[in-house]
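Each chain is listed here by its residues.
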Amino acid sequence: MLETSARLLRLLSLMQSRRDWPGPELAERLGVTTRTVRRDVDRLRDLGYPVESATGTAGGYRLGVGAALPPLLLDDEEAVAVAVGLRVAAVGSVSGMEETSLRALTKLEQVLPARLRHRVTAMQSAIVPLTGSGPAVDANLLAALAAACRAHEGIRFGYQKRTRRAEPYSLVHTGRRWYLLAFDLDRDDWRTFRVDRIDAPPQPGPRFTPRPAPAEDLRAFMSDALSSAPYRFQAKVLFRAPIEVVAEHTSPTAGRLEKLDEQSCLFYAGAGSLDQIAVYIALKGIDFQVVEPPELRAHVRALAARLTRAGEEPGD
């Protein structure tokens, strides 16, 4: 009995991690037969979980929306409170919790009955957050994009008054803004989209097979895409301080940090002018050395000379 219960929890966890699951693949993951999978699915249905199924070669199972709240150890009031709290946290009111909250919210709202969804939306509309300095993002939009990423479902959406078609891959929060990493079908390349600039709700498109990720380290890829790639000048700077210290004075959208050793790190950044980069790194109050480009080294020397002259006593 304990083995069956553990397997049901594992099955439920798998079905929450992806939208559609072929029966044979579930059986392989669980180490059982497809017949056992069918019996376990029936057990989940008896417990109130809305598992949908399809027959044929493309058949499989999908966790759907139910008429009643499945046994999450939450009653209706608690479920509404948790959903509202996750929505608030997902849009940045709790530092460091945005992406985790969005993942949990996507799973919860997948099985939340319609009557409770309406209550959550009503309560959310009455909340006026005063925290955070980034642009406001609708929690419903975040949830829709997260669901599309999870289901490998193409989307069509309005972006700065243009229609874009994309295969969504993941959502990234930088501390101030939400970004969507997706493969742009019209440009045949990977792109990052600011979620607050999406001006028309995403419309679902055909399912797609996920492409290989654009980089092994997605965090580094996103940081470079936001802080260096769009700009005319790219810089590489050595900071003579632990990476934890430098991280307190910068952000992923300003540049990417790379640890060298316990007492130094590299900083990669871009800007529209050398002045912007020079002033930005100088204001950190941390000893640094420009690695590249050579033009930036000359620019920093010239800036240092101007600052030295500006600090001289009048008449010197």
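Calculation notes
Residues numbered from 1 in each chain as written. Predicted model: local features only at pLDDT ≥ 70, side-chain atom pairs only at ≥ 80, totals over all residues. Heavy atoms only, no water. Helix = DSSP H or I, 4+ residues; strand = E, 2+ residues; numbered from the N terminus. Buried < 20%, exposed > 50% of the residue type's maximum accessible area, 1.4 Å probe, protein only. Contact = heavy atoms within 4.5 Å. Areas by Shrake-Rupley, 256 points an atom, 1.4 Å probe, with all protein chains shown as cover. Arc of directions from axis to C-beta. Polar contact = N/O pair within 3.5 Å; in protein donor to acceptor, adjacent residues only side chain to side chain. Salt bridge = Lys/Arg side-chain N within 4 Å of Asp/Glu carboxyl O.

- Per an unreviewed UniProt entry, the protein chain carries the name Helix-turn-helix transcriptional regulator and comes from Nonomuraea guangzhouensis.

Some thoughts on the overall build of the protein chain
Alright, step 1. When helices and strands are counted, the protein chain shows eleven helices and twelve strands.
Alright, step 2. Per-residue burial for the protein chain yields a buried fraction of 41% across its 316 residues.
Alright, step 3. Expressed as a percentage of contacts within the protein chain between residues at least 6 apart in sequence, the contacts between residues at least 24 apart total 60%.
Alright, step 4. Element-wise, carbon and sulfur atoms account for 53% of the exposed surface of the protein chain, whose accessible area totals about 17,700 Å².

A closer look at helix H2 (residues 23-30)
Alright, step 1. Here H2 has its buried residues at Gly23, Leu26, Ala27 and Leu30. Buried residues of H2, seen end-on, are gathered within an arc of 100° and therefore sit on one face of the element. Among the exposed residues of H2, those oriented more than 90 degrees off its buried face are Pro24 and Glu28.

Considerations on the side chain of Arg194
Alright, step 1. Positionally, Arg194 belongs in strand E7 (residues 189-194).
Alright, step 2. Here Asp196 takes part through its side chain, which lies 2.8 Å from a polar atom of the side chain of Arg194.

What to know about the pattern of salt bridges
Alright, step 1. Going through the model one piece at a time under the given rule, you end up with 13 salt bridges.
Alright, step 2. The salt bridge involving Asp40 is made with Arg43; its shortest N-O contact spans 2.6 Å. A residue pair is termed a helical-turn pair when its members lie 3 or 4 positions apart in one helix, as Asp40 and Arg43 do in helix H3 (residues 34-46) at three residues.
Alright, step 3. Its relative accessible area of 0% is what places Asp40 among the buried residues.
Alright, step 4. Of the charged contacts, one joins Glu258 and Arg256 as a salt bridge, the two residues approaching to 3.5 Å between their closest N and O atoms.
Alright, step 5. By relative accessible area, Arg256 is classed as buried at 17%.
Alright, step 6. In this structure, a network of salt bridges that share partners links the residues Arg7, Asp40 and Arg43.

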